[in-house]
Each structure stands twice: as structure tokens, then as C-alpha cells.
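What follows is each chain in one-letter form.
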Amino acid sequence: MRAVIFDLDGVITDTAEYHFLAWKHIAEQIDILFDRDMNERLKGISREASLERILIFGGAEKKYTNAEKQELMHQKNQYYQTLISKLTPEDLLPGIGRLLCQLKNENIKIGLASSSRNAPEILRHLAIIDDFDAIVDPAALAKGKPDPEIFLTAAALLDVSPADCAAIEDAEAGISAIKSAGMFAVGVGQEQSMLGADLVVRQTSDLTLELLHGEWEQHRIKSI
Ligand code: B16
Ligand code: MG
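Residues numbered from 1 in each chain as written. Chains lettered and ligands numbered in written order. Predicted model: local features only at pLDDT ≥ 70, side-chain atom pairs only at ≥ 80, totals over all residues. Heavy atoms only, no water.

What about the layout of surface pockets?
Estimates place the volume of the largest pocket at around 280 Å³. Surrounding the largest pocket, 17 residues form its lining, Asp 14, Ala 16, Glu 40, Lys 43 and Asp 170 being those nearest its centre. Contributions of two or more residues to the lining of the largest pocket are made by α1 (16-29) and α2 (36-40). (1 Å grid on protein atoms, 1.4 Å probe; cavity = no way out; pocket = protein on both sides within 12 Å on 5 of 7 lines; lining within 4 Å. Points joined across faces, edges and corners; volume = space filled by probe spheres on them. Helix = DSSP H or I, 4+ residues; strand = E, 2+ residues; numbered from the N terminus.)

Here you go:
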């Protein structure tokens, strides 16, 4: 294992609630009911694809022009940015600070593969941006998760072969992307929603370098 690539939302910090509040604010303006179940289905999905799903859910997929959709996304993002401006290092999910330290001590490279265009801003608020050797710009990609492009780009930026990378995700679309990239997939969450993951932990506090090394080794032996 020469590199570990992190998803952001749901792995490093929990911004899902902020995405929920911001989308709810927009949905209310256009008379669409938006709840937490619906928000769960937007995990790891880009801003554009999220709006499309919300409009389809509300039966309004043909109601807005492209310019109007851009404006709705802009408003959502402004609301979201106000919320994330309050993030502090206290908002790091449990165990993530320790894992980043362990990786750095062992000279294992650290990458970020988040669909969020706000990722650098969030990492700055959490005071961990300097720990990352590479941060993928999702705006420069042709396809979002579950396509492997974002993880393959992270590996290329880190100059590590995908087979030597482990990646950590909390969303189904993300696990599929990691597996299609040919990497070792670590899922955070319920086993049943992490189909295809090589290792599943219930919460981020279970993520230690010792566990990753051990499971990586077992996986390597099994695949020989
Ligand atoms: P933005 P991740 C994803 O982050 C979120 O899970 C998803 O809900 C959001 O729509 C997406 O980022 C885009 O975020 O609007 O900030 O560009 O899980 O890939 O770190
Ligand atoms: Mg996520």
C-alpha cells in the first residue's frame, strides 16, 4: 500500500447535513418536498446530477431552462458555503486526524477524490489541507462517480499505480468507482450498502493504519 485516497463528505467530515439544508432551502422555493431519505440518495453525486434527481423526484424535470437550473445550483451553493464557513478542526470525523498522522509517519501518500468543488475550502477550515499530496479537481473530470476517473486521476497525480492504492468511501457510487479503478476499497457505513468493498468499518474511528495494513495483506495473499 503506497497511497490512501480519501472521499471527503462522510469520510473526513460530515457535510451531508449541510448539503441537506441547502437543497431543502432550494426545493422549498420550487415547491418540491425534500427529506433526509432523498438526501441519502445524493451522497457522492455531483451538484448537477443532484439537482436533476431532485427535479425528477418532484416531477419538474422539464420545467426549468438550463439558465434557471444554473441559477438554482448557484443559490444552493451560496447557502451551502455560508454553512461550511463555520467548520473548524473540531468537525473532523473521529479517527481521521490520527489516521492522517499515521500515514504521514509511514510516508504513505495521501490523496483526495471528492466530487465537491468546495473540497479545498473545507480542508482549509479543517486545517488539514497541507496533509494532502494531491487533490483532484472534480470540475476537470468528464465523468462523476461511479466512473473510476476521479480515483484514477488521484493515483496519477500521486504517481502511484492504482493497484498500490487503497481508497475510502461512504457512498455506493464511490465504492463502485474504487473497484472499477482496480484499488482496494474501504467502505464506511452499513455492510449492506457497501457492496463490493474489500473492507467495511461501521465508523471512521475504526480506521487505523494497522487495520488497513492487515486487511491489505490478507487481500493480497488471497489474490495470488
Ligand atoms: P459541491 P464527496 C459530494 O462529496 C457530496 O457527497 C455530494 O452530496 C455533493 O453533491 C457533491 O460532493 C458535490 O458537492 O456541490 O460542493 O460541489 O462525498 O464526493 O466528498
Ligand atoms: Mg462521500
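Quick word on the site of ligand 1
Taken together, 19 residues form the shell around ligand 1, and within it Ile 45, Arg 47, Ser 114, Ser 116 and Asn 118 come nearest. A distance of 3.3 Å separates an oxygen atom of ligand 1 from a polar backbone atom of Leu 42. Taking 470 Å² as the accessible area of ligand 1 by itself, protein coverage stands at 98%. Among the cavities detected, the one that contains ligand 1 is the largest cavity. (Near = heavy atom within 4 Å. Polar contact = N/O pair within 3.5 Å; in protein donor to acceptor, adjacent residues only side chain to side chain. Areas by Shrake-Rupley, 256 points an atom, 1.4 Å probe, with all protein chains shown as cover. Sits in = over half its atoms within 2 Å of the grid points.)

Let's talk about the coordination of the magnesium ion (ligand 2)
At this site the magnesium ion (ligand 2) is bound by Asp 7 (OD), Asp 9 (O) and Asp 170 (OD), with donor distances of 2.1 to 2.2 Å. Spacing between the donor residues of the magnesium ion (ligand 2) along their common chain follows D-x1-D-x160-D. Across the pair, exposure class does not vary: Asp 7 and Asp 9 are buried alike. (Donors = N, O, S within 2.8 Å, 3.2 Å for Na, K, Ca; no water. Buried < 20%, exposed > 50% of the residue type's maximum accessible area, 1.4 Å probe, protein only.)

Concerning the pattern of salt bridges
With the rule as written, the count across this model stands at 13 salt bridges. Glu 121 is the partner of Arg 124 in a salt bridge, and the nearest nitrogen-oxygen pair spans 3.5 Å. Here Glu 121 and Arg 124 lie together in helix α6 (residues 119-125), a separation of three residues that amounts to about one turn. Residue classification places Glu 121 among the partly exposed residues on the basis of a relative accessible area of 34%. Salt bridges here are not isolated pairs; linked through shared partners, they connect Asp 7, Lys 145 and Glu 169. (Salt bridge = Lys/Arg side-chain N within 4 Å of Asp/Glu carboxyl O.)

Things to note about empty space enclosed by the protein
On inspection of all chains with the given rule, the structure shows one cavity of 30 Å³ or more. The calculated volume of the largest cavity comes to roughly 370 Å³. Taken together, 27 residues line the largest cavity, and the ones lying closest to its centre are Asp 9, His 19, Leu 42, Gly 44 and Ile 45. Elements that contribute at least two residues to the lining of the largest cavity include exactly α1, α2, α3 (47-57) and α4 (66-84). Broken down by class, the residue content of the lining of the largest cavity amounts to seven nonpolar, eleven polar and nine charged. (Nonpolar A, V, L, I, M, F, W, Y, C, P; charged D, E, K, R; others polar.)

Notes on the side chain of Glu 169
Secondary-structure assignment places Glu 169 in strand β4 (residues 165-169). Filtering out sequence-adjacent residues up to four positions away, Glu 169 remains in contact with Asp 7, Val 11, Lys 145, Phe 151, Gly 174, Ile 175, Ile 178, Val 186, Gly 187, Val 188 and Met 194. (Contact = heavy atoms within 4.5 Å.)

Side note on unusual backbone geometry
With an omega of 15°, the peptide bond running from Lys 145 to Pro 146 counts as cis. Relative to the elements of secondary structure, Pro 146 occurs in the loop between β3 (134-135) and α7 (149-158). The phi dihedral of Asp 31 falls on the positive side, at around 55°, and the residue is not glycine. Looking at the secondary structure, you find Asp 31 in the loop between α1 and α2. Assessed through its relative accessible area of 72%, Asp 31 is described here as exposed. The phi torsion at Asp 159 lies on the positive side, around 60°, for a residue other than glycine.

Overview of the pairing of β4
Judged by how many residues are buried, β4 sits mostly within the fold: five of five residues are covered. Residue alternation in β4 divides its side chains into two sets, Cys 165, Ala 167 and Glu 169 and Ala 166 and Ile 168, and both sets are buried. By the bridge criterion, four bridges tie β4 to strand β5 (residues 184-188) in an arrangement that is parallel. By the bridge assignment, Ala 167 is partnered in β5 with Ala 185. The parallel pair β4 and β5, bridged by helix α8 (residues 172-180), forms a crossover whose chirality is right-handed. (Pairing = 2+ DSSP bridges. Right-handed = clockwise from strand over helix to strand, strands pointing away.)

Overview of α8
The complete set of buried residues in α8 reads Ala 173, Gly 174, Ile 175, Ala 177 and Ile 178. Gly 182 sits one or two residues past α8 and shows a positive phi near 80°.

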